[in-house]
Amino acid sequence: MEQIAKGLLSWASILEDATREQALQTVRMPFVRPHVALMPDAHLGMGSTVGSVIPTVRAVMPASVGVDIGCGMAAVRTQLTKADVTRIGRLAALREAIEAAVPVSKGGYNRRLTDTAAERVRELETLAEKAGFDPASYVGNWRLQLGTLGSGNHFVEVCLDEVDRLWVFLHSGSRGVGNRIAQRHIRVAQQLCEKWWIPLPHRDLAYLPEGVDEFWHYIRELRWAQRFALLNRAEMLDRVVGSLAGWAGREIERAEDVQCHHNYTEREEHGGGEVWLTRKGAIDASPGRPGLIPGSMGTRSYVVSGLGNAASFHSAPHGAGRSFSRRAARERFTVAQLTEAMAGIEWRAENAEAFLDEIPGAYKDVDQIMEDAKDLVSVEHTLRQILNVKGD
């Protein structure tokens, strides 16, 4: 870790000048204190840097949380092993079963609610009523989005750990309903800052102060979307485990069930005072807390335990972090290179063109990220993919 400017601490050994300058814009906001912590995977984002931890006093910046509220990871270890994979084979059949159970791609949703999804939807309906809003005012079919993956860097993976035990590992967030909630409150913050003649370094740093109704309106809906994201991952995890049971021909025993957000805001106590802590591309790494840090498709991922580093606000990186934008990745890399990177992994190779911007070369080296994070987390398990499911 180094202090690279007043109010800015960084754990990133690879940090682009534009990313540093963007982070400094956030540091200069008057309610950001005592400092911003940049994670090893920091890179340019909307408003604030992806891979940053931002403590704010009596205010929040909706764009700093981002548009995929509650995006994060879920994983579970099973009793199956590499020997079972070798004996059963048919990984393509398992992938197809997962794709049939979990709607993927942008706009993908369920045709009906499963029993488990219906139970989770009832919880969300109750929470929305208590929060005083109707999620259908944002997305009419939000209930049918529960248990869906999305596209981009969201994925479902089947992995083996360092002793060849089989894991399910997935990444997703609050889907379309969370996006609409975020977009609305970003606009509201921008409109209020314009109304109040507040100068901003960037309009995506528009904020909501605690003293206005719009602040608590956002916090209530934000917390709902964060819960939706967690339940969305839990529903998908149940379905993937069910697909795994059908493929293996036996019940699946679950162990080390882990969930973590990496795009969210919570009120926390740090340095002897309360702040609104925004982790934009960062996970909670409080002492002993389990967490998940994925690499890119075709590379390793990690199950970790938090070390409670106070200077990082008990935080750690959320993944490898992009080195190239999606457009730049498509211009730089080829389908042949992606196919080579995915050798030995079951994936939808016929859709390689759609996945090209997710090629491992578009991301930072996850091994370097983990080296930079060695005072933030300890590695409990190292996972290698044997199957990958993504949306177009």
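Data block above holds the structure.
Everything in this summary refers to the structure shown in the same document. These figures come from a predicted structure and were not determined experimentally.

The next point concerns the sheet that holds strand 7 (residues 155-160). The strand order 10-6-8-7-17-15-14 describes an open sheet built from seven strands, whose pairing is antiparallel. The sheet is open, and its two edges are formed by strand 10 (254-261) and strand 14 (290-293), each paired on a single side. Across the sheet, the mean angle separating the axes of adjacent strands is 30° when strand polarity is ignored. Looking at chain direction, strand 14 and strand 15 (residues 301-306) are connected through four bridges and run antiparallel. When the sheet's bridge partners are listed, Gly-291 is paired in strand 15 with Val-304. Taken strand by strand, helix 4 (residues 91-101) contacts strand 7 and strand 17 (377-390), and its axis lies near 90° from that of strand 17.

Applying the stated criterion across every chain yields a total of eleven aromatic pairs. Taking the centre distance of 5.5 Å and the plane angle of 90° together, the rings of Phe-133 and Trp-224 count as edge-to-face. In this pair, Phe-133 sits in the loop between helix 5 (115-131) and helix 6 (142-145) while Trp-224 sits in helix 8 (residues 213-248), placing the two residues 91 residues apart along the sequence. A relative accessible area of 12% places Phe-133 in the buried class.

Let us look at the environment of Val-241. Structurally, the position occupied by Val-241 is in helix 8. Sequence separation between Val-241 and Trp-167 is 74 residues; the distance between their C-alpha atoms is 9.7 Å. Residues in contact with Val-241, not counting those within four places in the same chain, are Val-76, Ile-252 and Arg-254.

As a further point, take the pairing of strand 4 (residues 50-56). Counting buried positions along strand 4 yields seven of seven residues, so the element is predominantly enclosed. By the bridge criterion, three bridges tie strand 3 (residues 36-43) to strand 4 in an arrangement that is antiparallel. Looking at strand 4, one finds that Leu-38 is bridged to Ser-52. Two successive antiparallel strands, strand 3 and strand 4, enclose a turn made up of six residues, where Gly-47 displays a positive phi of approximately 75°.

Here is what the cut-offs are and how they apply
- Residues numbered from 1 in each chain as written.
- Predicted model: local features only at pLDDT ≥ 70, side-chain atom pairs only at ≥ 80, totals over all residues.
- Heavy atoms only, no water.
- Pairing = 2+ DSSP bridges.
- Helix = DSSP H or I, 4+ residues; strand = E, 2+ residues; numbered from the N terminus.
- Axes fitted to C-alpha atoms, helices over the stretch in contact; angles between N-to-C directions.
- Contact = heavy atoms within 4.5 Å.
- Phe/Tyr/Trp six-rings, centres within 6.5 Å; stacked < 30°, edge-to-face > 60°.
- Buried < 20%, exposed > 50% of the residue type's maximum accessible area, 1.4 Å probe, protein only.

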